[in-house]
Amino acid sequence: MTIKQPPGLYPLFFTEMWERFGYMCLQTILVLYLSHALHFSDHAAYMLAAAFSAFQWLTPVPGGYIADRYLGFQRTIIIGALVLGLGYLITAMTGYHWFLIGLAVLIVGNGFFKPNVSSIVGTLYKENDPRREGGFTIFYMGINLGTLIPPLFLGKLVAAYGWNAGFLVAAVGMLLSFITFSFARKNFTHKAHTPYSKVFSGVSKKLKANVILIMGSVLVVAAFYGSLFIPQSSNIILLVLSITIIAFLLNLTLKLAKKERNHMLVAITLTVISIGF
């Protein structure tokens, strides 16, 4: 017997699939672009690529917190999709500094987007719903599928039309992700429609909060741009930010009820093990 999944699962499957498609388009050619187009040494190219990838693991923590407390999952995903699309377009521009700016924008966009699609998947199921495990399995198949496709064709595309074509295809993938999610929003549960918090109530407060959000994002982009410009600094930055994030999560965890606290401690332990792996 086939267990019917919630109707919102499959749009989320394709939302995540197209986002991963765009990301993998970039990753497939990143080191080659740095080496052959920007004339980096192998060591410098891998250093920058590693710093970029590592920073993308940091921003989902504040991105998920902002979504949960202030913006709601859907709004934050929309913002993340737009920022990611902008980042891919910037990487397609000619010039080393534009490329680094594009990568910094992608790091911030990833923080808004990445943690919140899977969060919405979780809201599709009630507690102890037997469909949950199968639903997440289907969802992660979308991630794997989006990751699989770009390496199969991107090399020939870039050889025929140039490096910028690869980055533009990544932007197209992100556009498809944005369109898929936008048209599917009606399928999601009420929790995924979390309203603006009180800091966004009223025209003046909403304007102030949005200005803070935009200016904060710009400052974070500038910080990551500087870090990528000097990738040797990434080890220190990653260490400081990782300790800060772990301390922040532990502080939140200790304030939870016993059952939730135990779940969070398990999640933090698994995260640390995953990082070590």
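Structure: see above.
All of these numbers come straight from a predicted model, not from anything done at the bench. (Residues numbered from 1 in each chain as written. Predicted model: local features only at pLDDT ≥ 70, side-chain atom pairs only at ≥ 80, totals over all residues. Heavy atoms only, no water.)

I'd like to hear about a nonpolar patch on the surface, residue by residue, with values.
Residues Val-172, Leu-175, Leu-176, Ile-179 and Phe-183 make up a contiguous nonpolar surface patch of about 470 Å² in total accessible area. On the secondary structure map, Val-172 appears in helix 8 (residues 163-184). A residue is classified by how much of its surface remains accessible, and Val-172, at 46% relative accessible area, is partly exposed. (Patch = residues over 30% accessible without salt bridge, like charges linked within 9 Å, V, L, I, M, F, W, Y side chains within 5 Å. Areas by Shrake-Rupley, 256 points an atom, 1.4 Å probe, with all protein chains shown as cover. Salt bridge = Lys/Arg side-chain N within 4 Å of Asp/Glu carboxyl O. Helix = DSSP H or I, 4+ residues; strand = E, 2+ residues; numbered from the N terminus. Buried < 20%, exposed > 50% of the residue type's maximum accessible area, 1.4 Å probe, protein only.)

An account of helix 5 (residues 96-123) is requested, with residue identities and associated values reported.
Over its 28 residues, helix 5 extends 42 Å from the first C-alpha to the last, a length consistent with the 40 Å expected when each residue adds 1.5 Å. The largest bend in helix 5 amounts to roughly 35° and is located at Asn-110. With respect to burial, helix 5 is a largely interior element, 21 of its 28 residues being buried. (Expected span 1.5 Å × (residues − 1). Bend = angle between axes of the 7 residues up to and from the residue.)

How would you sum up the packing of aromatic side chains? Please name residues and give values.
As enumerated under the stated definition, the model contains 15 aromatic pairs in all. Between Phe-139 and Tyr-140, the aromatic rings sit 5.4 Å apart at their centres with planes inclined by 65°, giving edge-to-face as the arrangement. The ring of Tyr-23 has Arg-20 sitting right over it, with the charged end atom 4.2 Å from the ring centre. (Phe/Tyr/Trp six-rings, centres within 6.5 Å; stacked < 30°, edge-to-face > 60°. Lys NZ or Arg CZ within 6 Å of the ring centre and 35° of its normal.)

If you had to explain the side chain of Glu-16 to someone new, which residues and values would you point to?
Turning to its location among the elements, Glu-16 is positioned in helix 1 (residues 9-37). Not counting the four nearest positions on each side in its chain, Glu-16 is found in contact with Phe-113, Lys-114, Val-117, Phe-139 and Ile-143. (Contact = heavy atoms within 4.5 Å.)

Help me get a handle on the packing of helix 3 (residues 60-71) against helix 5, residues and values and all.
Two elements in contact, helix 3 and helix 5, have axes whose closest approach is 7 Å; the angle formed by their N-to-C orientations is 65°. Comparing their axes, helix 5 and helix 3 come out roughly perpendicular. Considering only the axes of helix 3 and helix 5, their crossing is right-handed. Counted together, Pro-60, Gly-63, Gly-64, Ile-66 and Ala-67 of helix 3 and Asn-110, Gly-111, Phe-112, Lys-114, Pro-115 and Asn-116 of helix 5 form the full contact between these two elements. Looking at the contact of helix 3 with helix 5, its residues break down into 5 nonpolar, 5 polar and 1 charged. (Axes fitted to C-alpha atoms, helices over the stretch in contact; angles between N-to-C directions. Parallel < 35°, antiparallel > 145°, perpendicular 65-115°, else oblique. Left-handed = near helix turned anticlockwise from the far one by under 90°. Nonpolar A, V, L, I, M, F, W, Y, C, P; charged D, E, K, R; others polar.)

Lay out helix 3 with the relevant residues and their values.
The terminal C-alpha atoms of helix 3, which comprises 12 residues, lie only 14 Å apart, well short of the 16 Å expected from a rise of 1.5 Å per residue. Inspection of helix 3 places Pro-60, Gly-63, Gly-64, Ala-67 and Leu-71 among the buried residues, and these make up the whole buried set. One side of helix 3 carries all its buried residues, which in axial view fall inside an arc of 115°. Gly-72, located one to two residues past helix 3, shows a positive phi value of around 90°. (Arc of directions from axis to C-beta.)

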